[in-house]
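Spelled out, the chains give:
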Amino acid sequence: MDLNRTPSEIASAGAEEIRALNHRTLDTKAFTQPGDVSDAANGIAALLERLPQSLEQLEAGLTQLHHDGRIRLDTKPLGATSQQDILHEVVTVTNALSEARRLLRQAHTAMREAAGPLSHMGGLWEDDAD
């Protein structure tokens, strides 16, 4: 785990890994046995389990920046932006992050439901083909 990167670098690297997974699995032959699907599903379930914490920490970081008066908006000139304008945008973001966390928890539950039966699937033995 390389913690010497910025949060945005880490998030971008995670997004690139999912992009690689999407490209790698375009060909269904990437999965040679049910265990391959199970392992990938478990990895995705772990990702979904961890993402709500990431979003909560984004919210905490934004809230701290707001508390410290370190946010400006580029939608208006600096002198024309009120603290109420900034607060409105911060609240919009934090509400959206909260909703995203809720939906990710639902997605994680669904992935666990998929991963359960997958863990009991295996490939055929050579003598099973008969």
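Only a predicted model underlies this, so the values are computations on that prediction, with no experimental measurement involved.

Caption draft 1: Structural detail: the overall build of the protein chain. Of regular secondary structure, the protein chain possesses 3 helices and 0 strands. Each helix (α) and strand (β) of the protein chain, taken in turn from the N terminus, gives the series α-α-α. By the compact-globule yardstick of 14 Å for 130 residues, the protein chain is too spread out, its C-alpha radius of gyration being 21 Å. Reported as C-alpha extents along the three principal axes, the dimensions of the protein chain are approximately 80 × 25 × 25 Å.

Caption draft 2: Representation of the environment of Ile10. By the secondary structure assignment, Ile10 is in helix 1 (residues 7-24). Relative accessible area serves as the criterion here: at 34%, Ile10 is assigned to the partly exposed category. With sequence-adjacent residues up to four places away left out, Ile10 is seen in contact with Asp2 and Arg5.

Caption draft 3: Just the layout of surface pockets, in detail. By volume, the largest pocket amounts to about 810 Å³. If you go around the largest pocket, you meet 19 residues; those closest to its centre are Ile10, Ala11, Leu47, Leu51 and Ser54. Of all the secondary-structure elements, those providing two or more residues to the lining of the largest pocket are helix 1 and helix 2 (34-67). Broken down by element, the residue count for the lining of the largest pocket peaks at 10 residues, all from helix 2. Residues that form the lining of the largest pocket fall into these classes: 11 nonpolar, 6 polar and 2 charged.

Caption draft 4: A look at the side chain of Thr81. Inspection of the secondary structure puts Thr81 in the loop between helix 2 and helix 3 (83-118). A distance of 3.3 Å separates a polar atom in the side chain of Thr81 from the backbone oxygen of Pro77. Every residue in contact with Thr81, bar those within four places of it in the chain, is listed here: Leu73, Lys76 and Ile86.

Caption draft 5: Inspection of the packing of helix 2 against helix 3 at higher detail. Taken N-terminus to C-terminus, the directions of helix 2 and helix 3 make an angle of 165°; their axes are 9 Å apart at the nearest point. Between helix 2 and helix 3, the angle falls in the class roughly antiparallel. Our pair here, helix 2 against helix 3, has a crossing hand that is left-handed. A per-class count over the contact of helix 2 with helix 3 returns 21 nonpolar, 8 polar and 5 charged.

Rules behind the numbers
Residues numbered from 1 in each chain as written. Predicted model: local features only at pLDDT ≥ 70, side-chain atom pairs only at ≥ 80, totals over all residues. Heavy atoms only, no water. Helix = DSSP H or I, 4+ residues; strand = E, 2+ residues; numbered from the N terminus. Rg over C-alpha atoms; globule rule 2.2 N^0.38 Å. Buried < 20%, exposed > 50% of the residue type's maximum accessible area, 1.4 Å probe, protein only. Contact = heavy atoms within 4.5 Å. 1 Å grid on protein atoms, 1.4 Å probe; cavity = no way out; pocket = protein on both sides within 12 Å on 5 of 7 lines; lining within 4 Å. Points joined across faces, edges and corners; volume = space filled by probe spheres on them. Nonpolar A, V, L, I, M, F, W, Y, C, P; charged D, E, K, R; others polar. Polar contact = N/O pair within 3.5 Å; in protein donor to acceptor, adjacent residues only side chain to side chain. Axes fitted to C-alpha atoms, helices over the stretch in contact; angles between N-to-C directions. Parallel < 35°, antiparallel > 145°, perpendicular 65-115°, else oblique. Left-handed = near helix turned anticlockwise from the far one by under 90°.

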